[in-house]
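Read off the chains here:
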Amino acid sequence: MRRAESIGRSLRRFFCETLPESGEVEIGDQEAHHLLHVLRMKVGDKLELFDGRDCSAVGVVEELLKRSVRVRIESKSQVSVELPFRLVIAAAVPKGDRQQFMVEKLVELGCTELWPVTYQRSSVKIEKKTVMKWRRYVLEASKQCGRNRLMEIREPISSREVFAADVFAGDRWLADPYSSQPLELSGGPSDSLIAVGPEGGLTEDELGTAQESEWRTGHLGPRILRLETAAMAVAARASLLAN
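Residues numbered from 1 in each chain as written. Predicted model: local features only at pLDDT ≥ 70, side-chain atom pairs only at ≥ 80, totals over all residues. Heavy atoms only, no water.

## With respect to the sheet that holds strand S5 (residues 69–78)
With respect to topology, five strands assemble into an open sheet ordered S1-S3-S4-S5-S2, the strand pairing being mixed. This sheet does not close on itself; its edge strands, each paired only once, are strand S1 (13–15) and strand S2 (23–27). Sheet twist, expressed as the average angle between the axes of neighbouring strands with direction ignored, equals 45°. Summarising the sheet, strand S3 (residues 46–50) and strand S4 (residues 55–64) pair through five bridges and their orientation is antiparallel. Its bridge partner being in S4, Lys46 is matched across the sheet by Val60. Along the sheet, helix H4 (residues 128–145) contacts S1 and S3; its crossing angle with S1, the most-contacted strand, is approximately 145°. (Pairing = 2+ DSSP bridges. Helix = DSSP H or I, 4+ residues; strand = E, 2+ residues; numbered from the N terminus. Axes fitted to C-alpha atoms, helices over the stretch in contact; angles between N-to-C directions. Contact = heavy atoms within 4.5 Å.)

## Quick look at the layout of surface pockets
By rolling a water-sized probe across the atoms, one finds the places where empty space is left. What the second largest pocket holds in volume is close to 410 Å³. Lining the second largest pocket are 20 residues, with Ala175, Asp176, Pro177, Pro198 and Gly201 sitting closest to its centre. (1 Å grid on protein atoms, 1.4 Å probe; cavity = no way out; pocket = protein on both sides within 12 Å on 5 of 7 lines; lining within 4 Å. Points joined across faces, edges and corners; volume = space filled by probe spheres on them.)

## A look at the pairing of S4
Of all the 10 residues making up S4, seven are buried; the element is thus mostly covered by neighbouring parts of the structure. Count of turn residues in the S3/S4 antiparallel hairpin: four residues, of which Gly52 carries a positive phi of about 80°. In this structure, S4 lies alongside S5, joined through nine bridges in antiparallel fashion. Residue pairing for S5: Glu63 is matched across the bridge by Arg70. Joining the antiparallel neighbours S4 and S5 is a turn of four residues. (Buried < 20%, exposed > 50% of the residue type's maximum accessible area, 1.4 Å probe, protein only.)

## Observations concerning the confidence of the model for the chain
Here the chain averages 90 in pLDDT, while 94% of its residues score no lower than 70. Across residues 1–8, confidence stays below pLDDT 50; counting only partners more than four residues off in sequence or on other chains, it has 15 contacts. (pLDDT = per-residue confidence, 0-100.)

## Here's the deal with the pairing of S3
With respect to burial, S3 is a largely interior element, four of its five residues being buried. Inspection of the sheet shows S1 paired to S3 by three bridges, in the parallel sense. Across the sheet, Phe15 pairs through a bridge with Phe50, a residue of S3.

## Overview of helix H7 (residues 227–240)
Residues spaced three or four apart along an α-helix point in a common direction, a consequence of the helix completing one turn every 3.6 residues. In a regular helix each residue adds 1.5 Å, so 14 residues correspond to 20 Å; H7 covers 20 Å between its end C-alpha atoms and thus fits that length. Here H7 has its buried residues at Leu227, Glu228, Ala230, Ala231, Met232, Val234, Ala235, Ala238 and Ser239. Buried residues belonging to H7 abut strand S6 (87–91), helix H3 (98–108), strand S10 (171–175) and strand S11 (192–196). (Expected span 1.5 Å × (residues − 1).)

## Digging into the pattern of salt bridges
Enumeration over the complete set of coordinates arrives at 22 salt bridges. A salt bridge links Glu74 to Lys46; the nearest nitrogen and oxygen atoms lie 3.2 Å apart. Separated by 28 residues along the polypeptide, Glu74 in strand S5 and Lys46 in strand S3 bring together distant segments of the chain. If you follow the salt bridges from partner to partner, you end up with Glu31, Arg136, Glu140 and Lys143 in one network. (Salt bridge = Lys/Arg side-chain N within 4 Å of Asp/Glu carboxyl O.)

Next comes the structure, spelled out in structure tokens:
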């Protein structure tokens, strides 16, 4: 059952880490701020809550407090719109606002995990605040697109760690614009890890490590894509296998 069929498109969505079967729950922090001061919702308004683990609930605003909101749960259900396989993108970090754009679109496309990777030619440094910002982008995008499970943002990892032979049990693909073959995720949906390097390209050392670990390489067409475009392109190809 799709979320829109079970809940309805008109309800505002908010994240609540713990959803009881019934009774009241208190929403705090940034979610409460958005509800109170941005949307200015009132007592009696209906909303939708989700816990990031496939559960959602319809609730009614019971009480508006200074920094939190009490919501009475009317009904709870488990509604998943996830892909039937694990899809992991191991991407370099783009510059500026392109980071938010990439994260939001990967959430919409159903990616399971996003690994921020430091490649040898990466031009953007990955900091702790980068991961924290990305996790907030995930939450906002999930609210918009109807996902009840949050895409995981892994702690930063190096390209050498990514290309290790034992890093992932499923299919491993490297998007390489200079590969002699297209990146074709054939054989039906399966757990996939897809690496997308920086705009400066991969070094010979990185390509050699990936080859030694039996990664498959493939290009995405005759044009050179920006890294966030490449990440979205491979995610779209993989997610189409679920349809």
